[in-house]
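Per-entry structural report
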Amino acid sequence: MKKKTTPLTDRQRAQIDADLAAAYDFDPRDPLFGLSREQMSGPRLNRRTVLRLMAASGTLTAAQLLPGMGAVKPAAAAGHGGGTLTCGWSGVAEIQTLDPAQINQVLQFQISSNVLGGLMHINADLVAEGDLAESWSVSDDGTEYTMKLREGITFHNGDSFDADDVLFTYQRSKDPNQSIHARVLNNVAALEKVDAYTVRFKLKQAQASFLTKALERSSGRAMTIVSRGALESMSPSQYGLMPVGTGPFRVTFHELGQGVVLERFDNYYDPERPKLDKVIIKPISAAEPLAAAMEAGDIQLIGGNPIAPELIDRFLENPDLVVDEKPAPGFQSLWMNPWHEHMKVTDFNKPLEELMKEKGFKVRLAIAKALDRDRYLKQAQFGRGTAAYGTINPAMGYYFDEALAETSAQRFDLEEARRLMADAGYPDGDGFPTLKLITTPSNRRESQVVASILKRNLNIDVELLTKEFSVGIEDFDTMNWDLRRAGSGGDYDPDDGLVDWMQSGSKFNGRKRDESKYPFGYFSEKEADALIDEQSATADIEKRRELVQKANKITSDKVACAFLFHPANILVHHKSVSYPAISRIPGLVDLDRVTLS
């Protein structure tokens, strides 16, 4: 079962064009983007302000103005309250942590978003709205955000929530020794406590994405509010298993390898939520057991890593299931270890023409150019997704560079790829060693397609090493790998793709490596580092797009990895599960409004 769409009328097309023109009609030098302080303040933003902020942050596209994709309005749930929902978390054998300071996987913050609160939370339009912040106001220059906190909120352990918890979370999150997301707060100059229920953020520069990126409770993670009292009595590892928050559900069970149980928090600030009494989350690593559990009714909804593509059409044919597909904010790549003897690049700062003289770089570029992405999408993803040449995904709208498919050094060119391999000393793959590709059980089939393409086009042998997701992550962080199939999700802002992945100090860039052995992780390039820092603090959208696209092209041309595709976001659930449109946020699995019919 899948929702069908109808063609747009001329009137609808004209309205979309008018909305886009109005949204982008502002002076980029204006720190408030042509809006008044009142329009920028909370507790709610009107449609004009929402569209303007999306345009100013570069995330507005015509697709988001389509009927049914615009501003989502609350709707009454079709099912009844109460009951237990059992979910299968795809592609993972255990949920390692739910501590926002350490979360590095989408499948983790999908769960924590149901347990922990933040000042803001992203909605189905990818725009932030108040969560623990009841309202907010913005200074004339756009550099001060005064947040009025909700009163009467309690943590799951009974402790009261107030401004001190915001300051505690800020101090913890800005410390890189405690949080891997410290850089998200780089543009914050200071945080002040005004009174028990008011805080003021002072920014170094105006930032259109501040509410959506830095203060967002799930994908943002830096200011996801943690419990001072719980952390005083629990070790960090204990808190990672059983975090205490203010969210609609509380964790009542979490055992590595066994899953997570969430139960309704009766003192949640919205008495109408959550609808469910209990949520059971079962990690299921391999594709076929996941499908079997869904078809047998053992689980009613799938979250976690992207569902194995070979299952989607199978689910679509099942009349008892609902398959909801949307563009996904993320990218997927084939990563190549630059410290591997035959793919070695010790200095990405060299000009491209000099890198082209090195055997290791020639091999990396040959692999990237030999990846027939159209063939891959057809065979591995059954036609779903978009060919990728950088981290900036189509859901980022204004920042996405469609021309990169034609201008990137990674564009498919089989003749040139084979020439590069020959120049590197491996004509027709002769003398080139077998490479080991780390993948997950659920991704094994599509990784085999990658291996087959490289064998077909370059005569390179690739051996698949199937490892549980968390084990593969550990190998990736320590640089203990040849090739790895991995990527990112929940990337709503360019910082998610560039700051998090493409800088020398990025949190995923070999952060646990032996630095005496490996000076950098999988990529390090000074110009890209500087451009990424600059774009992150640039409020002028046109200037920021220029910087984003320039940095993105450097990482593509210098082969930070072989970019593969931008996936689709697919939610599958039983038709007895009512999943309202207001909760359908690409990349997340918010369950507070879900009911069972």
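Attention here is on the structure that accompanies the text.

Focus on the side chain of D592
With respect to the helices and strands, D592 occurs in the loop between β20 (577-578) and β21 (595-596). Look at D592 and you get buried, because its relative accessible area is 3%. Setting aside anything within four residues of it in sequence, one finds D592 in contact with N114, P248, F249, R273, P274, K275 and S583.

Observations regarding the pattern of salt bridges
Summed over the entire model, instances satisfying the criterion amount to 35 salt bridges. When the shortest N-O distance is used, the salt bridge between R273 and D592 registers 2.5 Å. Of the two residues, R273 is situated in the loop between β9 (259-264) and β10 (278-284) and D592 in the loop between β20 and β21; the sequence distance between them amounts to 319 residues. Overlapping salt bridges, with partners in common, bring together E144, E192, R200 and K202 in one network.

Side note on the side chain of T555
Residue placement: T555 occurs in helix α20 (residues 541-557). Residues in contact with T555, not counting those within four places in the same chain, are Q410, M502, F523, A560 and F563.

Considering the environment of E446
As for its position among the elements, E446 is in helix α16 (residues 444-458). Since its relative accessible area comes to 1%, E446 is described here as buried. In this structure the C-alpha to C-alpha distance between E446 and L203, which are 243 residues apart in sequence, comes to 44 Å. Not counting residues within four places of it along the chain, the set of residues in contact with E446 comprises Y376, A380, Q381 and R485. Within the structure, the side chain of E446 is placed 2.4 Å from the side chain of Y376, a separation counted as a polar contact.

Rules and cut-offs
Going along each chain's sequence as written, the residues are numbered from 1 onward. Confidence filtering applies because this is a predicted model: local features only for residues at pLDDT of at least 70, side-chain atom pairs given and counted only at 80 or more, and all residues used for totals across whole chains, interfaces and linings. Excluded from the side-chain calculation are hydrogens and water; included are all heavy atoms of the structure. In DSSP terms, a helix is any run of H or I states spanning at least four residues, a strand is any run of E spanning at least two, and both are numbered starting from the N terminus. Buried residues are those whose accessible area, probed at 1.4 Å on protein chains only, stays under 20% of the maximum for their type, while exposed residues exceed 50% and partly exposed ones sit between those limits. We call two residues contacting when some pair of their heavy atoms lies within 4.5 Å. We count a salt bridge whenever a side-chain nitrogen from Lys or Arg sits within 4 Å of a carboxyl oxygen from Asp or Glu. As used in this structure description, the phrase polar contact means that two N or O atoms lie within 3.5 Å; if the pair is within protein, one of them must be able to donate a hydrogen and the other to accept it, and residues adjacent in sequence are counted only when both atoms belong to side chains.

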